[in-house]
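Summary of structural features
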Amino acid sequence: MNVAQHIQDELARLREAVANREAEPICLAYLALRKAAAENGVKLAEMFERADEVLSRSASDVIVSAFSHRHCFMCQDGAVSCKECNGTGFVEGGGKCPVCDGLGVMPCDFCQGTGWAARDMIPSEITRDILKRRHLANVKEDLKELKSTIDTLNTKNAEQLQAELRRNLTKWAMRVRARLKSLADEEIVGGREKKRLLAAASRLDAFLTILRND
């Protein structure tokens, strides 16, 4: 296979992945294109020019977005089932699990509960600052979706939540809280922004306390 055909085949795979709008296939297709370009002496700048033409849009924007949504491969969106209670929330005799406080899930140790892919899985040309700014924008969208639930849930109506809904809310809140705390430690976040992120994380701490006290 000649160089031009090899690159074109990988570009076609990237275009198909982008059309399907799924982060992981886009990441894998990009990594395959990147490898093909390196093996055939095509510089990254030229590779992106070709990708821009094939996608009829900024390939770098698409790639950054995909990698900002790439998941940790050790967990499901930042959470793992509690090993003590096997995810039930209860121990023998029916008591609340003391390890997970009856929630059934725990933050993933590998990604610290963020659900984000490890940094060494991100191509070096996607700089840390660019990725973190995209992560920050994504978390702000998560907070908008969570706000109405956070504002309305109290101890009384929390008792009426079905187990599956409680578990899903817990996983979501734990993930967003972990992401907020992670981003608050980044240099790209200024003093005021850091305070806002930590304040939102504290609200999620209170929200999780309500979920625990069923």
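Figured I'd write up the structure that's included with this text. (Residues numbered from 1 in each chain as written. Predicted model: local features only at pLDDT ≥ 70, side-chain atom pairs only at ≥ 80, totals over all residues. Heavy atoms only, no water.)

What follows is about the overall build of the chain. Along the chain, the regular secondary structure elements total 8 helices and 2 strands. The principal-axis extent of the C-alpha atoms belonging to the chain is close to 65 × 40 × 25 Å. The buried share of the chain, taken over its 214 residues, is 41%. Element-wise, carbon and sulfur atoms account for 48% of the exposed surface of the chain, whose accessible area totals about 12200 Å². (Helix = DSSP H or I, 4+ residues; strand = E, 2+ residues; numbered from the N terminus. Buried < 20%, exposed > 50% of the residue type's maximum accessible area, 1.4 Å probe, protein only. Areas by Shrake-Rupley, 256 points an atom, 1.4 Å probe, with all protein chains shown as cover.)

Looking now at the environment of T88. Considering the arrangement of structural elements, one finds T88 in the loop between β1 (79-81) and β2 (105-107). Measuring from C-alpha to C-alpha, the distance between T88 and E16 comes to 40 Å, with 72 residues separating the pair along the chain. Separated by 2.8 Å, the side chain of T88 and the backbone oxygen of C85 make a polar contact. (Polar contact = N/O pair within 3.5 Å; in protein donor to acceptor, adjacent residues only side chain to side chain.)

Turning our eyes to something else, we now look at the packing of aromatic side chains. Following the criterion strictly, the structure yields 3 aromatic pairs and no others. Taken together, the ring pairs in this structure connect Y30, F48 and F67 into an aromatic cluster. (Phe/Tyr/Trp six-rings, centres within 6.5 Å; stacked < 30°, edge-to-face > 60°.)

Residue position: A201 is located in helix α8 (residues 191-212). In sequence terms A201 and M174 are 27 residues apart; their C-alpha atoms lie 9.3 Å from each other. Among all residues touching A201, those that are not within four sequence positions of it are R177, L180 and K181. (Contact = heavy atoms within 4.5 Å.)

So, about the pattern of salt bridges. When the charged atoms of two side chains lie near each other, side chains of opposite charge can form a pair. All chains considered together, the criterion is met by 11 salt bridges. E141 is the partner of K144 in a salt bridge, and the nearest nitrogen-oxygen pair spans 3.4 Å. On the criterion of helical spacing, the pair formed by K144 and E141 is a turn pair, its members being 3 residues apart in helix α5 (residues 128-152). Among the ionic pairs, D205 bridges to R177, the shortest N-O distance being 2.9 Å. A residue pair is termed long-range when its members are at least 10 positions apart, and D205 in helix α8 and R177 in helix α7 (residues 163-184) qualify at 28 residues. Residue class for R177 comes out buried when judged on its relative accessible area of 16%. Three or more residues joined by partner-sharing salt bridges are found here, namely K140, E193 and R196. (Salt bridge = Lys/Arg side-chain N within 4 Å of Asp/Glu carboxyl O.)

Let us now look at the packing of helix α4 (residues 59-68) against α5. As a packed pair, α4 and α5 sit with axes 9 Å apart at the nearest point and diverge in direction by 65°. Remark: the crossing between α4 and α5 carries right-handed chirality. Contacts between α4 and α5 involve D61, V64, S65, F67 and S68 from the former and I130, L131, R134, H135 and N138 from the latter. (Axes fitted to C-alpha atoms, helices over the stretch in contact; angles between N-to-C directions. Left-handed = near helix turned anticlockwise from the far one by under 90°.)

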